[in-house]
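A look at the structure
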Amino acid sequence: MIIFEDVCKTFQLERGKKVSAVQCLSLVVASGEVFGCIGPNGAGKSTTIKLLLDLIRPDSGTITINSLPSRDNASRARVGYLPENPCQYDFLTAHEYLAYSGNLSGLSSSIIAERSSLLLEKLKLSQAANRRISGYSKGMQQRTAIAAALIHNPDLVVLDEPMSGLDPLGRKLIFDLIAELKEQGKTVFISSHVLTDIERLCDRVGIIVQGRLCHEGQVSDLTMPLEELFLQVVADTGLDEVK
Amino acid sequence: MLQAIIKVTFLEGLRNKAVYGISLMAGLMMIFTVVLSGMIMRDVGKVATDFALSTATFAALLVVLFVGIIILARDLERKTIYLALSRSVPRSNYLVARFLGLGLLQGFVMLLLLVASLITLVLVKNMYARYFGAVSLGLVAVAHLFVFVQMLLLTALSILFSMVASSPFVTFILTILTWLIGSSTQEVKLLIESAGSDKFFPVVKILVTLAYYLFPNFALFDLKATAAHGLTLHAGKAGFALLYGLGYSVAVLSLALVLFKRKELT
Ligand SMILES: Nc1ncnc2c1ncn2[C@@H]1O[C@H](COP(=O)(O)OP(=O)(O)OP(=O)(O)O)[C@@H](O)[C@H]1O
Ligand SMILES: [Mg+2]
């Protein structure tokens, strides 16, 4: 279970300017739930995720993962993270990269071999697995990053724009993969701009605009298409340009 | 987990084209040393030793500047660091493993340089045995070890700088400056002290003394003259230099750790 409690984050810009990227965010994501985090560009989705993973620290408020504070390294023992615009060590092959990823979570080499061939197979990367990542296309790199995030079979999967850079086939693959995670009872936190996917995959959605959680609710309770709701919520905040 | 990070760091260094360029340059310099030795008649051994050790030091310095700094900077800039830190890998372990990986790379390069230096000197010795002089090959090997320790210290310093600098370029400049100042303060201090008190303004004296104590003293690790002249290396002095280098590295790395733990990885 993830709990955000009154989390605020302000970035200092040049010449004393400030941006409040996340404002008083309170949010609970239950175990086994697939939560969709949507919002316009610059709304604070990626910032929220980085706060959760202790890559950046909140100015105030607390975040816990399974009742461990996010500042505790142990809270991330069973977490898989796909960053937005992921970049890998491109001097490695996909095989080597997945082995590195598995080693970071202390997997044995036999489990790494088993899991990585399974994931490479699923993500249609087996053919390229022994080539260096530097020669991969954008979509192949995205797939590799997803495989690396899942190698240790994490209980909490945090995906920041998992569909970016993927072709329709790739999107279908990832869609099925997330659906499979859901079936396995994993907790999934997705940020995405592909609202149709969010609508079909998620149990609950939160709409963040200008750092504030403006709407939160079960997908099954939606009375209109998510896109319409999204546009309405954004219009209500009076936002007409990204900050 | 530590091992995995060390291994990846080492591999990144090895698969980096800069390492090949630097090795090639060092190899050419060593060949040049052999050729040059044929053109001089006196103190061939001294000149060759000085050349070989200078080449090794320079090549090792380039590895710190163009491989070590780049590896760390790229990791932060391209966010590849997220993979490890989004797991339960403590930041302290990550940084220490990175340092050890770079140390391993440096050690590997140093070993290659040592082999190249020894081959060069043995060649020169066999070709010009009568003019070779009292060069000690054992000391040449020890001199390489000292260069290695010195580069570990410089690597630790570059890690510290990369925690505060706004860009890799700034880290690069700070590291070079530290190297230049740290290699010369001892000499400048001796010069000023021996010149008599009326030659320099007191301010200069104070500044030089300050720099001497503030910056690491890299001159401690320079065994070029000792090896070239076949002088005795006092165990006490050598031990002090090694302890100084390692102790200083640990201190600098600890400070870098404190900063890294607080760093925002946006
Ligand atoms: N390192 C940073 N320094 C300064 N401001 C930042 C930094 N990172 C993010 N911001 C600001 O914080 C706000 C939120 O950014 P964030 O990346 O979280 O948006 P997002 O919702 O992920 O947008 P997108 O859909 O475009 O990915 C933006 O206004 C952005 O300008
Ligand atoms: Mg984003």
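Residues numbered from 1 in each chain as written. Chains lettered and ligands numbered in written order. Predicted model: local features only at pLDDT ≥ 70, side-chain atom pairs only at ≥ 80, totals over all residues. Heavy atoms only, no water.

The subject of this paragraph is the coordination of the magnesium ion (ligand 2). All names here are of chain A. The protein atoms that coordinate the magnesium ion (ligand 2) are S46 (OG) and E84 (OE), at distances spanning 2.0 to 2.5 Å. Taken together, the residues S46 in helix 1 (residues 45-52) and E84 in the loop between strand 6 (79-82) and helix 2 (94-104) connect sequence positions 38 residues apart. Classification of E84 by relative accessible area gives partly exposed; the value is 30%. (Donors = N, O, S within 2.8 Å, 3.2 Å for Na, K, Ca; no water. Helix = DSSP H or I, 4+ residues; strand = E, 2+ residues; numbered from the N terminus. Buried < 20%, exposed > 50% of the residue type's maximum accessible area, 1.4 Å probe, protein only.)

All right, on to the pairing of strand 8 (residues 187-191) of chain A then. Residue and element names in this part refer to chain A. Burial runs high along strand 8: five of the five residues are buried. Across the two faces of strand 8 the burial is the same, with T187, F189 and S191 and V188 and I190 all buried. Summarising the sheet, strand 3 (residues 34-38) and strand 8 pair through four bridges and their orientation is parallel. By the bridge assignment for strand 8, C37 is matched with S191. Sheet analysis places strand 7 (residues 156-160) next to strand 8, joined by five bridges and oriented parallel. Note that in strand 8 the partner of D160 across the bridge is S191. Remark: the strand 7/helix 5 (residues 168-183)/strand 8 crossover connection has right-handed handedness. (Pairing = 2+ DSSP bridges. Right-handed = clockwise from strand over helix to strand, strands pointing away.)

Taken together, 16 residues lie around ligand 1, and G42(A), K45(A), S46(A), T47(A) and H193(A) are the ones closest in. Neighbouring residues of ligand 1 are not confined to a single chain but are spread across chains A and B. In this structure, an oxygen atom belonging to ligand 1 sits 2.8 Å away from a side-chain N or O atom of H193(A). One nitrogen or oxygen atom from the side chain of T266(B) is found 3.2 Å from a nitrogen atom belonging to ligand 1. Against a free-state accessible area of 630 Å², the protein chains account for coverage of 74% of ligand 1. (Near = heavy atom within 4 Å. Polar contact = N/O pair within 3.5 Å; in protein donor to acceptor, adjacent residues only side chain to side chain. Areas by Shrake-Rupley, 256 points an atom, 1.4 Å probe, with all protein chains shown as cover.)

Residue and element names in this part refer to chain A. Read from one edge of the open sheet, four strands run 2-1-4-5, paired in antiparallel fashion. Of all strands in the sheet, those with a lone pairing partner are strand 2 (18-29) and strand 5 (68-69), marking the two edges. In this sheet, strand 2 lies alongside strand 1 (residues 2-12) in antiparallel orientation, the contact comprising eight bridges. By the bridge assignment, V7 is partnered in strand 2 with L25. Here helix 1 sits on the sheet and contacts strand 1, strand 2 and strand 4 (60-65); the angle it forms with strand 1, its principal contact strand, is near 115°. (Contact = heavy atoms within 4.5 Å. Axes fitted to C-alpha atoms, helices over the stretch in contact; angles between N-to-C directions.)

This part takes up the packing of aromatic side chains. Applying the stated criterion across every chain yields a total of 14 aromatic pairs over all chains. Measuring from centroid to centroid gives 5.5 Å for F35(A) and F189(A), while their planes differ by 35°, and the two rings are tilted. Residue F35(A) is located in strand 3, and its partner F189(A) is located in strand 8; the two are separated by 154 residues in the primary sequence. Grouped by ring-pair contacts, the aromatic residues F146(B), F221(B), F240(B), Y244(B) and Y248(B) constitute a single cluster. It is R91(B) that lies over the ring of F260(B); its NZ or CZ is 5.6 Å from the centre. (Phe/Tyr/Trp six-rings, centres within 6.5 Å; stacked < 30°, edge-to-face > 60°. Lys NZ or Arg CZ within 6 Å of the ring centre and 35° of its normal.)

Residue and element names in this part refer to chain A. Scanning all chains against the criterion turns up 18 salt bridges over all chains. A salt bridge links R204 to E33; its shortest N-O distance comes to 2.6 Å. In this pair, R204 is assigned in strand 9 (residues 204-209) and E33 in the loop between strand 2 and strand 3, connecting sequence segments 171 residues apart. E33 matches R204 in its accessibility class, with the two residues each being buried. Residues D155 and R78 are paired through a salt bridge, measuring 3.2 Å at the closest nitrogen-oxygen approach. (Salt bridge = Lys/Arg side-chain N within 4 Å of Asp/Glu carboxyl O.)

Moving on, we get to the interface of chain B and chain A. Contact with chain B, which involves 29 residues of that partner, is made by 34 residues of chain A. Taking both sides of the interface into account, the surface hidden between chain B and chain A amounts to around 2700 Å²; carbon and sulfur atoms contribute 55%. Area buried by chain B at its contact with chain A is led by R15(B), L83(B) and R87(B), which between them contribute 26% of it. Linking chain B with chain A are three salt bridges, by the criterion used here. A salt bridge links R15(B) to E96(A); the shortest N-O distance between them is 3.0 Å. Counting every contact that joins chain B to chain A gives 18 residue pairs in polar contact (both at pLDDT 80 or more). The element best represented in the side of chain B that touches chain A is helix 1 (residues 2-14) of chain B, accounting for five residues. (Buried area = accessible area lost by both parts, 1.4 Å probe.)

Residue and element names in this part refer to chain B. Position of T9 among the secondary structure elements: in helix 1. On the accessibility criterion, T9 (0% relative accessible area) is buried. Among the polar contacts made by the side chain of T9, one reaches the side chain of R98 at a distance of 3.3 Å. When residues no more than four places from it in sequence are discounted, the contact partners of T9 are I71, A97, R98, G101 and L102.

Next up on the list: the domain arrangement of chain A. Residues and elements named next belong to chain A. Splitting chain A by domain gives domain 1 (1-78 + 156-242) and domain 2 (83-154). Carbon and sulfur atoms supply 56% of the area buried between domain 1 and domain 2, which totals about 1500 Å² over both sides. Of all residues in domain 1, the largest losses of buried area upon contact with domain 2 belong to R78, L173 and L177, amounting jointly to 30% of the total for that side. Where D167 meets R143, a salt bridge forms, and the shortest distance between an N and an O atom there is 3.6 Å. Taken together, the links from domain 1 to domain 2 amount to eight residue pairs in polar contact (both at pLDDT 80 or more). (Domains from an automatic or database assignment.)

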